[in-house]
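Listed below, chain by chain, are the residues.
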Amino acid sequence: MPAPLKLLVDDTEAVAMLGDWETILSNSSVGGSMQYAGSVGSSMMLEFSGTAISFFGPVNTSSVSPHIGNITIDGQTVDLSTLHFVQNIPRLATTEDTTWYQSDTLSDGAHKISFNNLKFVFFDYAVVTPGSNTNLAGQDIIYDEPGGFDSLGGEADGSRIIVYEPGESWSQFIGETMIVNRTITFSPFGNSTHKTRDPGSSATLSFSRASAVSVFGQYIPTANGDNRSTGSMAVRYILDGVTTELSYAATTIPAINFLLFSNNSIDDGDHILSIQLVNTSDSDLALDYVVYHITGTRSTAPPFPPADDPRDIDIIIGSITAVVVVIVALTVIVICRKKRRKYLSHLPPTGPTSVGKMVHLS
């Protein structure tokens, strides 16, 4: 089976906020923005269904420690020692998202979490672990497989759903910290990416039951001597046979949660997306994670096929077709043999017979 599902809740979705909140635009934030509580008294609340929830955001402050008065889940006060804040780092000295709160395992069902009396706290997004009965319809699934989105390769256990070709053109980076100008560090979602610089390299994934798909990665051009990128990159996306080619211009600002591709108007069916590097001068095509928006009113099934290789669907169809052809051929043979037997049963005997006496006429 693929890795456990995770539901993405962005800072602009379904989160009730009160008090002094500031929206900060950032190309390193999921969705391009995050929220910042600047004064004591701010609060936020989120209702969700699942078995656990985590909150992410930069843990930096502007010379004072982040503050949360209390946290409650379903009315019960949470031990604040589970918070993971770093103190006394200049505000936005780095925009690396960190898990600053993670709940214990909860009962499978609906829950309400509240953060009260917040100050100097950044909130980028939350990740919910759905339960077996969680309704996925209308939700955004963030998919980052075991070891990261980068380690998908088609293994025997069926845990991989993305195929990278050719394998030797892709490099896996697990736990790597990205360094920009030797002063700012970044880490990808799930702590890993998969990268290539070889034109023609591709990554193929299949999915279903989704009305939208978005592919995120990192766009951190290699800097030259003056720390400025001079190159660009072009990538081709083929979704169900429809090709879209996008170019990414050189930039001096690293983009961590970079939206590489998005399609928000696909039908609720089976889909195959191929990502192909066309050309690049000094930048990696670095894939990190995929977000799917699930359709319908009620669904507990993930948007992924059970096979580890998206092309296995074609293999299965081909195998079924071959079996059908063989069955039809055998049926035809059996019918022909029966007809032949019936035909022969109506013929006169073919052995020796008496022809009587020969009569000579004179």
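Residues numbered from 1 in each chain as written. Predicted model: local features only at pLDDT ≥ 70, side-chain atom pairs only at ≥ 80, totals over all residues. Heavy atoms only, no water.

A tally of helices and strands in the chain yields one helix and 25 strands. Burial analysis of the chain (362 residues in total) assigns 46% to the buried set. Considering only contacts within the chain whose residues lie at least 6 apart along the sequence, 79% involve residues at least 24 apart. Just so you have it, the chain exposes about 18,200 Å², and 55% of that area is on carbon and sulfur atoms. (Helix = DSSP H or I, 4+ residues; strand = E, 2+ residues; numbered from the N terminus. Buried < 20%, exposed > 50% of the residue type's maximum accessible area, 1.4 Å probe, protein only. Contact = heavy atoms within 4.5 Å. Areas by Shrake-Rupley, 256 points an atom, 1.4 Å probe, with all protein chains shown as cover.)

Following Glu165, the chain continues to Pro166 via a peptide bond in cis, the omega torsion being -20°. As for its position among the elements, Pro166 is in the loop between β14 (162-165) and β15 (171-174). Phi at Asp74 takes a positive value of approximately 55°, unusual for a residue other than glycine. If you trace the backbone, Asp74 turns up in the loop between β7 (67-73) and β8 (76-77).

A word on the pattern of salt bridges. In this structure the tally under the stated criterion is two salt bridges. The partner of Arg197 in a salt bridge is Asp284, and the shortest N-O contact between them spans 2.6 Å. One end of the pair, Arg197, is in the loop between β18 (192-196) and β19 (202-208); the other, Asp284, is in the loop between β24 (270-280) and β25 (285-294), with 87 residues separating them in the sequence. Overall, Arg197 belongs to the partly exposed group, its relative accessible area being 36%. (Salt bridge = Lys/Arg side-chain N within 4 Å of Asp/Glu carboxyl O.)

Our next topic: the sheet that holds β14. Overall, antiparallel pairing links the five strands, which are arranged β14-β19-β24-β21-β22 in an open sheet. Only two strands of the sheet have a single neighbouring strand rather than two, namely β14 and β22 (242-248). With strand direction ignored, the average angle separating the axes of adjacent strands in the sheet is 20°. Direction of pairing for strand β21 (residues 233-239) relative to β22: antiparallel, over a ladder of seven bridges. For Leu239, the partnering residue across the bridge sits in β22 and is Val242. (Pairing = 2+ DSSP bridges. Axes fitted to C-alpha atoms, helices over the stretch in contact; angles between N-to-C directions.)

Residues Asp240, Asp267, Asp268 and Asp270 make up a contiguous surface patch of negative charge. With respect to the element layout, Asp270 can be found in strand β24. (Patch = residues over 30% accessible without salt bridge, like charges linked within 9 Å, V, L, I, M, F, W, Y side chains within 5 Å. Lys, Arg positive; Asp, Glu negative; His and termini not counted. Charge placed at Lys NZ, Arg CZ, Asp CG, Glu CD.)

Turning our attention to the packing of aromatic side chains. Summed over all chains, the structure comprises 13 aromatic pairs. Considering the side-chain rings of Phe207 and Tyr292, the 5.2 Å spacing of their centres and the 50° angle between planes classify their relative orientation as tilted. Of this pair, Phe207 sits in strand β19 while Tyr292 sits in strand β25; the two residues are 85 residues apart in sequence, bridging distant segments of the chain. Considered together, Phe207 and Tyr292 belong to a single accessibility category, that of buried residues. When the centroid spacing of 5.7 Å and the interplanar angle of 75° are considered together, the rings of Tyr248 and Phe258 count as edge-to-face. Here Phe258 lies in strand β23 (residues 255-263) and Tyr248 lies in strand β22, a separation of 10 residues in the sequence. An identical accessibility class is assigned to Tyr248 and Phe258; each is buried. Three or more aromatic residues joined by ring pairs form one cluster here, namely Phe55, Trp100, Tyr101, Phe115 and Phe123. (Phe/Tyr/Trp six-rings, centres within 6.5 Å; stacked < 30°, edge-to-face > 60°.)

A general feature of soluble globular proteins is that nonpolar side chains tend to end up buried together. With 59 residues, the main nonpolar core has Phe55, Trp100, Tyr101, Ile113 and Phe115 as its most contacted residues. Counting residues per element, this core draws most heavily on β25, which supplies five residues. Core analysis: the next-biggest nonpolar cluster, separate from the first, contains 10 residues, Leu8, Tyr125, Val127 and Phe216 among them. (Core = buried A, V, L, I, M, F, W, Y, C linked by side-chain atoms within 4.5 Å.)

Turning next to the confidence of the model for the chain. Confidence along the chain averages 74 in pLDDT terms, with 63% of residues attaining 70 or more. The least confident element of the chain is strand β16 (residues 178-180), whose mean pLDDT is 53; the most confident is β21, at 95. Here residues 147-158 is a poorly scored stretch, pLDDT under 50, and it has 41 contacts once near neighbours within four places are set aside; other chains count. This stretch, residues 350-362, has a pLDDT under 50; its non-local contacts, to residues over four places away or in other chains, come to zero contacts. (pLDDT = per-residue confidence, 0-100.)

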